[in-house]
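Residue-level structural notes
As a plain string of letters, each chain reads:
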Amino acid sequence: MKIEVLTLFPEIYDTLNVSVIGRALKNGVFEVGVHNIRDYSSDKHKRCDDYPYGGGAGMVMTPQPLHDAITAVDPDRKFLRIYLSPKGKKLEQSVVTELASAENIMLINGSYEGIDQRIIDLDVDMELSIGDYVLTSGDLASLVVINAVARYIPDVLGSEASTDEESFSQGYLEYPHYTRPPEFMGLSVPPVLLSGNHAEIAKWRKNQSEIITKEKRPDLL
Ligand code: 4F9
């Protein structure tokens, strides 16, 4: 998979070079290209924002640098072009797995009050929100999308890790985990997990998933 990111703050994406995602990028398991929208501004001061028509607070990103960046990076419209916005479709695990099946994804990041609507009308395939709150730019949302999607690319997670028993994968929250020691600060590991009886362990985990989901997220049931 190739992900192209358009942003005014390319340094934010330096954090992609650490941990699980950093290892996958270093190994070429997938690719992320980061492009500075400012480089495409034809303004003599490289400006990318201007006052909103109709008045009001804040600035709006002008269409020219965005349109030129988008069409330079994706001249043949091979990318699923996503604009990160609180007005978008809400990101959830089912959307993540859908996106993971795309070959090419472009993440377009607005700053300030947002981008000129004509860019959304002309150049964007999908608006995506990571939740009902406002950020200073779409970039942290893009990092969330990259991280969540990358986990479904083969070879990103080590062979020990799996996406099919975790929270949301079967419509339930995941069961609790324990490791050594068997007793910590007076709290014991549930004995069934030490029993070696795999059928009983599976039954306990399924039951725990149901109890926890009912208690914490009844909306999922
Ligand atoms: C994007 C918020 C996606 C939530 C973009 C300001 C945003 C956002 N999900 N906030 N710009």
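Residues numbered from 1 in each chain as written. Predicted model: local features only at pLDDT ≥ 70, side-chain atom pairs only at ≥ 80, totals over all residues. Heavy atoms only, no water.

Digging into the overall build of the protein chain
What counts is decided by this rule: A helix here means a DSSP run of H or I that spans at least four residues, while a strand means a run of E at least two residues long, and both kinds are numbered starting from the N terminus. Using a 1.4 Å probe on the protein chains alone, a residue whose accessible area is under 20% of its type maximum counts as buried, one over 50% counts as exposed, and one in between counts as partly exposed. Shrake-Rupley sampling with a 1.4 Å probe provides the accessible areas, and residues are treated as covered by the protein chains on show and by no other component. We count Lys and Arg on the positive side and Asp and Glu on the negative side, and we leave His and both chain ends out. Note on charges: their place is set at NZ of Lys, CZ of Arg, CG of Asp or CD of Glu.
Counting secondary structure elements, the protein chain contains six helices and nine strands. Overall, the C-alpha framework of the protein chain stretches about 70 × 40 × 35 Å when taken along its three principal axes. Burial status across the protein chain gives 39% buried among its 221 residues. When the accessible surface of the protein chain is split by element, carbon and sulfur atoms take 53% of a total near 13,300 Å². Separation between the mean location of the 22 positive side-chain charges and that of the 33 negative ones in the protein chain comes to 2 Å.

Comments concerning the layout of surface pockets
Rule in force here: Detection works on a 1 Å grid of protein atoms alone, calling trapped sets that fit a 1.4 Å probe cavities and calling open sets with protein on both sides within 12 Å along at least five of seven lines pockets, with lining residues defined by an atom within 4 Å of a point. Grid points are joined across faces, edges and corners, and a volume is the space filled by probe spheres set on the points. Residue type decides the class: Asp, Glu, Lys and Arg count as charged, Ala, Val, Leu, Ile, Met, Phe, Trp, Tyr, Cys and Pro as nonpolar, and the leftover types, Gly among them, as polar.
If you add up the space inside the largest pocket, you get close to 420 Å³. If you go around the largest pocket, you meet 24 residues; those closest to its centre are Tyr83, Leu84, Ser85, Pro86 and Glu113. Mapped by element, the contributors of at least two residues to the lining of the largest pocket are β5 (80-90), α4 (117-123) and β7 (126-129). Tallying contributions element by element places β5 first for the lining of the largest pocket, with five residues. Split into classes, the residues belonging to the lining of the largest pocket amount to 12 nonpolar, 10 polar and two charged.

Examining the domain arrangement of the protein chain
A common way to state how big an interface is: give the accessible area lost once the parts meet. What counts, and what does not: Segment limits for the domains were obtained from an automatic or database-derived domain assignment.
Each domain of the protein chain was delimited in the assignment, giving domain 1 (2-150) and domain 2 (165-220). The straight-line distance from the C-alpha centre of domain 1 to that of domain 2 is 38 Å.

As for the site of the ligand
Selection rule: Nearness here has a simple test: a residue counts as near a molecule or strand if at least one of its heavy atoms is within 4 Å of that partner. Throughout this description, a polar contact denotes any pair of N or O atoms lying within 3.5 Å of each other; where both atoms belong to protein, one of them has to be capable of donating a hydrogen while the other can accept it, and for residues adjacent in sequence the pair is counted only when both atoms sit in side chains.
The environment of the ligand is formed by 13 residues, the closest being Ser85, Ser129, Ile130, Tyr133 and Leu135. Contact distances for the ligand include 2.9 Å between a nitrogen atom and a backbone N or O atom of Ile130. Leu135 places a polar main-chain atom, nitrogen or oxygen, 3.0 Å from a nitrogen atom of the ligand. Taken by itself the ligand offers 290 Å² of open surface, and the protein chains cover 93% of this. Contributing elements (two or more residues each) for the shell around the ligand: β5 and β7. No other element matches the three residues that β5 contributes to the shell around the ligand. A class-by-class count of the residues in the shell around the ligand yields eight nonpolar, five polar and no charged.

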